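What follows is each chain in one-letter form.
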Amino acid sequence: MGETVISIKDLSKSFGKHEVLRKIDMDVNAGEIICIVGSSGSGKSTFLRCINKLERQSAGKILYHGKEIRDVQRDINEYRAKVGMVFQSFNLFNNMTVLQNCMICTRKVLRISKEEAFDRAINHLKEVGMAPYIHAKPFQLSGGQKQRVAIARSLCMNPEVLLFDEPTSALDPEMVGEVLNVMKELATTGLTMIIVTHEMAFARDVSTRTIFMDRGLVAEDAPPSELFTNPKNPRTREFLSRYLAG
Amino acid sequence: MGYLFSGIEDPQTSLEWMIYLTNKYLKMFLDGTKLTLYIAVLGTILGFVLGYVIGIIQDMKSGEGDNVVKKIFVRILKMIAGAYVEVFRDTPMIVQAMIIYYGIRQLGVDMQPVFAGILVTLLNTGAYMAETVRAGIGSIDIGQREGAWAMGMSPMKTMLYIVLPQAFKNIIPEMANTFLTNLKMTSVLNVIAVQELFMAAKTVGGNYYKYFESYLVIAVIYFVLCFFFNKLFNMLEKKLKDKTDYALAVEYMDNQ
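What comes next concerns the included structure. Chains are numbered independently. Their residues run from 1 in the order of the written sequence. Lettering of chains starts at A and numbering of ligands starts at 1, both following the order in which they are written. In keeping with the predicted nature of the model, local features appear solely for residues at pLDDT of at least 70, side-chain atom pairs appear and are counted solely at 80 or more, and the whole-chain, interface and lining totals rest on all residues. Heavy atoms from the whole structure form the basis of all side-chain values; hydrogens and water molecules are not counted.

1. Let's talk about the side chain of Lys137 of chain A
Within the secondary structure, Lys137 of chain A sits in the loop between helix H4 (114-127) and helix H5 (143-155). Residue burial is assigned from relative accessible area. The probe radius is 1.4 Å, only protein chains are included, and a residue is buried under 20% of its type maximum, exposed over 50%, and partly exposed in between. Classification of Lys137 of chain A by relative accessible area gives buried; the value is 18%. Setting aside chain neighbours within four positions, we find Lys137 of chain A in contact with Asn94, Asn95, Met96 and Thr97 of chain A together with Asp242 of chain B. Secondary structure counts use DSSP, requiring at least four H or I residues in a row for a helix and at least two E residues in a row for a strand, with both numbered from the N terminus. Residue contacts are counted whenever heavy atoms from the two residues lie within 4.5 Å of one another.

2. Points about the sheet that holds strand E5 (residues 67-68) of chain A
Residues and elements named next belong to chain A. On the basis of which strands lie adjacent, the open sheet formed by four strands has the order E2-E1-E4-E5 and antiparallel pairing. A single partner strand is all that each edge strand has here, and the edge strands are strand E2 (18-29) and E5. Where strand E1 (residues 4-15) lies against strand E4 (residues 59-64), five bridges are found, and the strand directions are antiparallel. Looking at E4, one finds that Ile8 is bridged to Ile62. Strand pairing requires that DSSP identify at least two bridges connecting the strands.

3. Here's the deal with the sheet that holds strand E7 (residues 161-165) of chain A
Residues and elements named next belong to chain A. Read across the sheet, six strands follow the order E6-E7-E8-E3-E9-E10 without closing on themselves; strand pairing throughout is mixed. Either end of the sheet is taken by a strand with one partner, and the two such strands are strand E6 (83-86) and strand E10 (217-222). Across the sheet, the axes of successive neighbouring strands diverge by a mean angle of 20°, strand direction being ignored. Comment: axis = line fitted to C-alpha atoms, over the contacting stretch for helices; angle = value between 0 and 180 degrees taken between N-to-C directions. This element, helix H2 (residues 73-82), spans E6 and E7 of the sheet and lies at about 70° to E6.

4. Side note on the side chain of Arg145 of chain B
Residues and elements named next belong to chain B. Mapped onto the elements, Arg145 comes out in helix H7 (residues 142-149). Using a relative accessible area of 11% as the deciding quantity, one classes Arg145 as buried. If near-sequence neighbours (up to four positions away) are discounted, Arg145 is found in contact with Asp59, Ile137, Thr158 and Val163.

5. Focus on the interface of chain B and chain A
Counting residues at the interface gives 32 residues for chain B, matched by 40 residues for chain A. Of the roughly 3100 Å² buried where chain B meets chain A, counting both sides, 59% is carbon and sulfur surface. Put simply, buried area is how much 1.4 Å-probe accessible surface two parts lose in total, over both of them, once they are put together. In terms of surface lost to chain A, no three residues of chain B exceed Met151, Tyr246 and Tyr252 of chain B, which account for 24% of the buried area on that side. Between Glu146 of chain B and Arg49 of chain A there is a salt bridge; the shortest N-O distance is 2.6 Å. Considering only residue class, the side of chain B that touches chain A consists of 15 nonpolar, ten polar and seven charged. Any Lys or Arg side-chain nitrogen found within 4 Å of a carboxyl oxygen on Asp or Glu counts as a salt bridge. Following the grouping adopted for this structure description, the nonpolar residues are Ala, Val, Leu, Ile, Met, Phe, Trp, Tyr, Cys and Pro, the charged ones are Asp, Glu, Lys and Arg, and the polar ones are all others, Gly among them.

By themselves, these are just geometric observations and shouldn't be taken as functional.
Below, the structure is given as structure tokens:
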């Protein structure tokens, strides 16, 4: 396994009195495909949003290549440019075409040339099979197409880590496959990925490490072969049996 | 209507008086119209700019991680912006005109009435627009911003490239409304001796003691102007609507 990219130390998050995350410690190594599973309200999404700094942690810190990400906008911007995120609700920019969606951040954040931004956009859109739709606006696309564009858009930044926040939860069942296939392809490229998901089969087949979260804690952290076949924690067992039964 | 051009020497009916007055004081009415348009257009445009700035300031949030200086700075800015919006929305424009015009003259600054008129219009527009812009920004789903933030875009750039273009589109009808209101509200500027349409009618009417006919003339002018702009804005709005079709980029089809 590669070197540690992101270290999470004692991360806690509360919304008012409600403690969502309780002192989470975790290292993310280069090339890992980490799937985070757990029931609703266990803090999975909040955890992911904290990693991208969309939520400010109440306590603890996040280190990127050993350097703490301070709560200063410039630090955060630089960090986010390397740690991308794909959302459940896609969040494509509604005022822009598919191509513009894929070029705006490389142009305005990385400040690369128009030609290079265009090449990157086309290449990544080809990877996800959306290149013919460069002139379409988000509202003209299906959910699966939007999510594939969102993935391409994140890839244009050449991120070191890509976070996925339930990327298929808002999709019609027949579109889940096309997005998961794109993600499976990505997993073979060596990109580090952290995926919050309810797709157990995907987590089992694709992840190199599966994390089960329960009530704001990492209840179990193991390779999928172990976690899915021989869970140590009774809560994990209970959760999995409910899933496999349902 | 032959006498429209030949002129009427001895007007009897109200209609004849209207034509007579229009012919006789054509230049005055035209100048008044021009000045009304000038103040309305300039005041509105500058007011929009001000409204956007104030609206953005009111939407600013100082993060918990920001340093103290920035926090205080943002808070003071927001307080000023809030006070400005409150004061101008809660007082009548006609009173603002008097206070600003005479107030600044009392300070010893020789200000032209037209300049004061534009100033009053823009300050008034700015206050209303600030609220509209704030509501427009608020109507854009937070996900739009998070999408940009998550790729390292700064909050300011996100506002500029992602949020404002979308908010702008949503508030175009309201902006058109504001302009039409301003076009009519310039009439109150006669109290600070701006020679706009209302002032023209007042002067013309006074010459012959024909106020009814004189004000009818400018009512027609106001109506025609507003009607015209209304249609223009409707067309613009339709133009800006999203097209439902798009061209497939066939050059990239082979890889599918």
